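If you want the building blocks of each chain, they are given just below.
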Amino acid sequence: MTRPPSLPSRIGTVLSPRMALPTLLAGLLAAGALAPDLAAQDILISGGTVVTSEGRFDADVRVRDGTIVEIGTGLAAGAGARAIDATGLLVMPGGVDPHVHLGGSTRDDYRTGSQAALAGGITTISNFAWHTSSSGYWRPGAAEGRTLAQAIEREAALIREQAIADVILHAGITPETEAGQMATLAAETGQTSTKIFMVWTVFDAAVPDYMATMDAAGRNGILTMVHCEDWPILAHAVAELTAAGRTSLEHFPDSRPVVAEVVATQRAVAMAETTGAPIYAVHVSSEGALRVLQDARDRGLNVFVETRPIYLHFTRERFEGPDRGLYVGQPPLREQRDQDALWAGIADGSVDVLATDHVAHLREDKMDPSQTITRHRAGLSNLQVVRPMLYSEGVVQGRISEERFVAVTSTNAAKLFGLYPRKGTIAVGSDADIVLWDPDETRTIRDEDMFSGTGFSVYSGWEVTGWPVMTLRRGEVVYEDGEILAGAGSGRLLRRGRWQAP
């Protein structure tokens, strides 16, 4: 697979010649000739501008044994350390993407998903663990009726084998999930988040069970993620469109109207208010739903907001073109006013997190002409370009600050999902998850540069300014000059604490 041309060698004077062979090192790792931890080395990043969610300042950063051990000016590299010249570059924390779908019928596993993430400056990714087949994300061949802890261990085995980025897991909640499992979930697995799908046909009949689980989760320091779309309203919209013979993907946005998202969001807020549990609304797509969540937060509720890239970069007009299948997501693309509201929310703090909701399908599968408003392949591959796109369209265009960029792509997710300050910031004692970012580099997104198993990007052809040129994960250089330098199995499943408000 063709990669971007090598960047200028401004990234690094290596004081020891034996450490000047990143390509050879990557080959040894992939072959298992080196244990992953041996790839880490003492590193001094000098001359760059550190950017966190709280501010920016010129400083050198020293890394030892995978941890940031010193931040200051005029620091000197020790013997045998790798000295990286970051002059003209931003030194930012690695991204944290808390909404990723890997495995199952998708084209990305933990290895290829990690590669795409690391190439885009994301060092921590996520996935979902399901203990019953009530989910469309169920892994074929997996044993049903197991506990959430057992489901997480099933995913943990794959992470140990495949992952390069670090990983967190969310426990998928179904009507069969017993609320009593919440008391042991965090203690046994170190995973402190769950997810509920209000859009499922079974949701309404099982609301008391879902509320009991949400209540128990809240009392045990667990954050509940919620997909807010109201099934009865969606069913009514589909029935009317079907009766009118309007079932092609051209009508997909009408099959999932804004009112379904707004009503479900209102219900989710009511459930949070009743139980006292915190909720995290995933992929908020509309101004109406955002306003409901803003109002709830103004009333003092622990309600947090995620949106995803497609709503910032596309509107529903994409469904008027011949490639409409590429843009199918749930909820669908909305109007310009919705996009404007989400950009404003990122800028003013109403939106806490930008996450991809990454789902990897081949182009030909997304373009399958047999798809309809009820039978389609939802989701887009986005891990590799989510941060460059936000930087280019947000920071470069003057919509958001660099600090907000870091907040919504790293720090806030680290806090909400129990990782901060280990992840999500540049601070002494934090993991050395560091991205060296060239704010002036302009590239055109190309399909052939994508690491995802999809082999393409919906943003192909876009000219984007601001790219990662090097990514460190726990002090190891895992991406440099367009190449992944770490092997499968070097990523870790992270144990987490309780959620924190951003």
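Scroll up a little and you will see the structure.
Predicted model, so just to flag it, every value in this text is computed and none were measured. (Residues numbered from 1 in each chain as written. Predicted model: local features only at pLDDT ≥ 70, side-chain atom pairs only at ≥ 80, totals over all residues. Heavy atoms only, no water.)

**A closer look at the pattern of salt bridges**
A pair can form between side chains of opposite charge whenever their charged atoms are brought close. Formally: Salt bridge criterion: a side-chain nitrogen from Lys or Arg within 4 Å of a carboxyl oxygen from Asp or Glu. Note on exposure labels: buried denotes an accessible area under 20% of the residue type's maximum, exposed denotes more than 50%, and partly exposed covers the range between, all computed with a 1.4 Å probe on protein chains only.
Applying the stated rule across the entire model yields 30 salt bridges. Its salt-bridge partner being Glu70, residue Arg62 comes within 2.9 Å of it at the nearest N-O pair. Linking Asp431 and Lys423 is a salt bridge whose minimum nitrogen-to-oxygen distance equals 2.9 Å. The pair formed by Asp431 and Lys423 is uniform in burial state, with each residue classed as buried. Through salt bridges with shared partners, a single ionic network connects Asp166, Arg422, Lys423, Asp431, Asp433 and Arg474.

**With respect to the packing of helix α5 (residues 207-219) against helix α8 (residues 258-275)**
Note the threshold: To get an axis, a line is fitted to the C-alpha atoms, and for a helix only the part in contact is used. The angle between two axes follows their N-to-C directions and goes from 0 to 180 degrees. In this description a helix means any DSSP run of H or I spanning at least four residues, a strand means any run of E spanning at least two, and both kinds are numbered starting from the N terminus. Each angle receives one of four descriptions, namely roughly parallel if under 35 degrees, roughly antiparallel if over 145, roughly perpendicular if within 65 to 115, and oblique otherwise. Handedness of a crossing follows from how the near helix is turned relative to the far one, being left-handed for an anticlockwise turn of less than a right angle and right-handed for a clockwise one. The criterion used for residue contact is that any of the two residues' heavy atoms lie within 4.5 Å. Classes in brief: Ala, Val, Leu, Ile, Met, Phe, Trp, Tyr, Cys and Pro nonpolar; Asp, Glu, Lys and Arg charged; the others, Gly included, polar.
Closest axis-to-axis distance for the α5/α8 pair is 10 Å, and the angle between their directions is 55°. If you check the angle between α5 and α8, you find them oblique. As α5 runs across α8, the sense of the crossing is right-handed. Residues Val207, Tyr210, Met211, Met214 and Asp215 of α5 pack against Arg267, Met271, Ala272, Thr274 and Thr275 of α8. Each residue belonging to the contact of α5 with α8 can be placed in one class, and the counts come to six nonpolar, two polar and two charged.

**A word on the nonpolar core**
Basically, it comes down to this: We define a nonpolar core as any set of buried Ala, Val, Leu, Ile, Met, Phe, Trp, Tyr and Cys residues linked to one another through side-chain atoms lying within 4.5 Å.
The biggest cluster of nonpolar side chains holds 122 residues, and the ones touching the most others in it are Tyr280 and Phe405. Per element, the largest residue contribution to this core is seven residues, and it comes from α8. Dropping the residues within four chain positions of it, Tyr280 is found in contact with Pro98, Leu223, Thr224, Met225, Val226, Phe304, Glu306, Val353, Leu416 and Phe417. One finds Ile43, Ala432, Ile434 and Leu472 within the second-largest nonpolar core, a separate group that totals 20 residues.

**With respect to the packing of aromatic side chains**
Basically, it comes down to this: What counts as a ring pair is set by centres within 6.5 Å for rings of Phe, Tyr and Trp (its six-membered ring), and what kind of pair is set by the plane angle: stacked under 30 degrees, edge-to-face over 60, tilted for all other angles. Any Lys NZ or Arg CZ found within 6 Å of a ring centre and within 35 degrees of that ring's normal is scored as a charge over the ring.
Under the criterion given, the structure shown has 14 aromatic pairs. Taking 5.0 Å as the distance between ring centres and 35° as the angle between the ring planes, the aromatic pair formed by Phe203 and Tyr210 counts as tilted. Just as Phe203 is buried, Tyr210 falls in that class too. Relative to Trp499, the ring of Phe304 lies with its centre 5.6 Å away and its plane at 55°, an arrangement referred to as tilted. One end of the pair, Phe304, is in strand β13 (residues 303-307); the other, Trp499, is in the segment after β18 (483-484), with 195 residues separating them in the sequence. Put simply, the rings of Phe314, Tyr327, Tyr459 and Trp462 pair up and form one aromatic cluster. The lysine or arginine in question, Arg399, covers the ring of Trp343, its NZ or CZ lying 4.4 Å from the ring centre. Above the ring of Tyr420, the side-chain terminus of Lys415 is found at 4.9 Å from the ring centroid.

**A closer look at the packing of helix α3 (residues 148-162) against helix α4 (residues 182-189)**
At a minimum axis separation of 9 Å, α3 and α4 run at an interaxial angle of 30°. Here α3 lies roughly parallel to α4, going by the angle between them. Considering the relative orientation of α3 and α4, their crossing is right-handed. Within the contact between the two elements, α3 uses Leu148, Ala149 and Ile152 and α4 uses Met182, Leu185, Glu188 and Thr189.

**Some points on unusual backbone geometry**
Of the consecutive residues Gln330 and Pro331, the connecting peptide bond is found in the cis state with omega at -5°. In this fold, Pro331 is placed in the loop between α10 (309-313) and α11 (336-348). Here the residue pair Tyr420 and Pro421 is connected by a cis peptide bond, since its omega of 5° sits within 30 degrees of zero. Structurally, Pro421 is set in the loop between α14 (402-416) and β15 (434-444).

**So, the pairing of strand β8 (residues 122-129)**
Condition: Only when DSSP finds a minimum of two bridges between them are two strands counted as paired.
Extensive coverage of β8 is indicated by the burial of eight of its eight residues. In the sheet, strand β7 (residues 95-96) pairs with β8 via two bridges, with the strands oriented parallel. Bridging from a neighbouring strand, Val96 pairs with Thr124 of β8. Pairing between β8 and strand β9 (residues 166-172): six bridges, direction parallel. In the strand pairing of β9, Ala129 is matched with Ala171.

**Let's talk about α8**
Convention followed: Multiplying 1.5 Å by the residue count of a helix minus one yields the expected span of that helix.
Taking 1.5 Å of rise per residue, 18 residues should cover 26 Å, and α8 covers 26 Å from first to last C-alpha, within 8% of that figure. Residues of α8 that are buried: Ala260, Glu261, Val262, Ala264, Thr265, Ala268, Val269, Met271, Ala272 and Thr275. For α8, the secondary structure elements touched by its buried residues are α5, β11 (223-227), α6 (231-243), β12 (279-281) and α9 (287-298). Just past α8, the residue Gly276 takes up positive phi, approximately 80°.

**So, the sheet that holds β11**
Spatially, the eight strands line up as an open sheet ordered β7-β8-β9-β10-β11-β12-β13-β14, and their pairing is parallel. Single-partner strands in this sheet number two, and they are β7 and β14 (353-354). Along the sheet face, helix α2 (residues 110-119) touches β8 and β9 and points at about 145° away from the line of β8. Sitting on the sheet, α9 is in contact with β12 and β13, with an inclination near 150° to β13.

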